[in-house]
Amino acid sequence: MRVGLGFDVHRLVKGRELILAGVKIPYKKGLSGVSDADVVFHSLSDAILGALGLGDIGDYFPPQDKKNKGLESKVILKKALSLLKNKKINNLDITLISDKPRLKPYKDKMRESLKNLLKLSKDKINIKIKSQESLLPLSKEAIFCISVVTIF
Ligand code: MG
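Computed from a prediction, not measured in an experiment: that's the story for all the values here.

Peer 1: Help me understand unusual backbone geometry, please; the structure alone is not making it clear to me.
Peer 2: Note: most peptide bonds trans; most residues except glycine with negative phi. The peptide bond linking K100 to P101 adopts the cis configuration, its omega dihedral lying at 0 degrees. With a phi angle near 50 degrees, K85 is a residue other than glycine that sits in the positive phi range. Looking at where K85 falls in the secondary structure, it is placed in the loop between α3 (73–82) and β5 (89–97). What makes K85 exposed here is its relative accessible area of 70%. One non-glycine residue, K119, adopts positive backbone phi at about 55 degrees. If you trace the backbone, K119 turns up in the loop between α4 (107–118) and β6 (125–130).

So this is what it looks like as structure tokens:
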């Protein structure tokens, strides 16, 4: 059994779609980034690579590479999944940190999306939504995500 941890944060800006775990969330802002800036897929992909001892997503998708502009983050996750080879994900635990928008109503949709992509039963996919209690200076300007994955 191996454990991997991934972290990601992106800034909320106007004029971008908000996509988390591949789910479009209706909101006046979206996350800025070279790709679609899906912090769930990014942190999860990094967690998988961490468990495999294979670096981080920047090694495979350098942000300065123009090819990666507008990239769907599903492609990044699929790359990480392909590197699992004969190994399997045992479970994953995701913590999303966001004051606004409130993400709780979308928790199940996100789990469903992950279930379909990872071919993993839903009881092995946990998502927790935490607020920043307006304490962090970026509390209304960014969404943070931490993912932990175990593989065997
Ligand atoms: Mg990212």
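Peer 1: Help me understand the coordination of the magnesium ion, please; the structure alone is not making it clear to me.
Peer 2: Ideal donor angles around a metal are set by the shape: a four-donor tetrahedron calls for 109.5 degrees, a six-donor octahedron for 90 or 180 degrees. Those protein atoms acting as donors to the magnesium ion are D8 (OD), H10 (NE2) and H42 (ND1), and they sit at 2.2 Å. Counting the intervening residues between successive donors of the magnesium ion yields the motif D-x1-H-x31-H. You can see D8 sitting in strand β1 (residues 2–14) and its partner H42 sitting in helix α1 (residues 39–52), a full 34 residues away along the chain. Of the residues examined, D8 reaches a relative accessible area of 15% and is grouped as buried. By relative accessible area, H42 is classed as buried at 6%.

Peer 1: Looking at this model, I keep getting lost on the side chain of T150. Mind explaining?
Peer 2: With respect to the element layout, T150 can be found in strand β7 (residues 142–151). In terms of polar contacts, T150 uses its side chain to reach the side chain of N91, at 2.4 Å. In this structure T150 touches M1, R2, V3, K88, I89, N90 and N91, once residues within four positions along its chain are discounted.

Peer 1: Is there a simple way to think about a nonpolar patch on the surface in this case?
Peer 2: On the surface, L5, F7 and V9 cluster together into a nonpolar patch covering about 280 Å² of accessible area. Counting through the fold element by element, V9 comes out in strand β1. In this structure V9 comes out as partly exposed when scored by relative accessible area, which is 31%.

Peer 1: How should the environment of P26 be read in this particular structure?
Peer 2: The topology assignment puts P26 in the loop between β3 (23–25) and β4 (29–31). Residues P26 and V9, 17 residues apart in the sequence, show an inter-C-alpha distance of 19 Å.

Peer 1: I would appreciate a short explanation of the nonpolar core in the present structure.
Peer 2: For soluble globular proteins, the rule of thumb is that nonpolar side chains tend to be buried together. With 44 residues, the main nonpolar core has L20, I48, I89, L92, L96 and L114 as its most contacted residues. Counting only elements with at least two residues in this core, the list comes to β2 (18–20), β3, α1, α3, β5, α4, β6 and β7. A per-element tally of this core places α1 first, with nine residues. Once residues lying within four places of it in the same chain are set aside, the contact partners of L114 are A21, V40, F41, L44, L92, I94, K119, I125 and I127.

Peer 1: I tried to follow the pattern of salt bridges on my own but got confused; where do I start?
Peer 2: Pairs can form between side chains of opposite charge whenever their charged atoms are close. Applying the stated criterion to the full structure yields nine salt bridges. We note a salt bridge from K67 to D65, for which the minimum N-O separation is 3.8 Å. Put simply, R111 and D108 hold a salt bridge, and the shortest N to O gap is 3.6 Å. Taken together, the residues span about one helical turn, with R111 and D108 both in helix α4 at a distance of three residues. On the basis of relative accessibility, which here comes to 21%, the residue R111 falls in the partly exposed class. Take D108: its relative accessible area is 43%, and that puts it in the partly exposed class. It is possible to trace a salt-bridge network through shared partners that takes in D108, R111, E112, K115 and K122.

What counts as what
- Positions within a chain are numbered from 1, following the residues in the order the chain's sequence is written.
- Given that this is a predicted model, residues contribute local features only at a pLDDT of at least 70 and side-chain atom pairs are listed and counted only at 80 or more, while totals for whole chains, interfaces and linings are drawn from all residues.
- In computing side-chain properties, one takes all heavy atoms of the structure into account and sets aside hydrogens as well as water.
- The helix count covers DSSP runs of H or I at least four residues long, the strand count covers runs of E at least two residues long, and both are numbered beginning at the N terminus.
- Residue burial is assigned from relative accessible area. The probe radius is 1.4 Å, only protein chains are included, and a residue is buried under 20% of its type maximum, exposed over 50%, and partly exposed in between.
- Think of the donor list as every N, O and S atom within 2.8 Å of the metal, or within 3.2 Å for Na, K and Ca; water never makes the list, so a site can look incomplete.
- Two N or O atoms count as a polar contact when they lie within 3.5 Å, although within protein this holds only if one can serve as hydrogen donor and the other as acceptor, and sequence-adjacent residues are included solely when both atoms are side-chain atoms.
- When checking whether two residues touch, look at their non-hydrogen atoms; a contact exists if any pair is within 4.5 Å.
- Nonpolar side chains (Val, Leu, Ile, Met, Phe, Trp, Tyr) are joined into patches within 5 Å and like charges within 9 Å, using only residues with over 30% relative accessible area and no salt bridge.
- Only the protein chains shown count as covering a residue, and every accessible area follows the Shrake-Rupley method with a 1.4 Å probe.
- Any Lys or Arg side-chain nitrogen located within 4 Å of an Asp or Glu carboxyl oxygen qualifies as a salt bridge.
- We define the nonpolar core as a collection of buried residues of types Ala, Val, Leu, Ile, Met, Phe, Trp, Tyr and Cys that are connected through side-chain atoms lying within 4.5 Å of one another.

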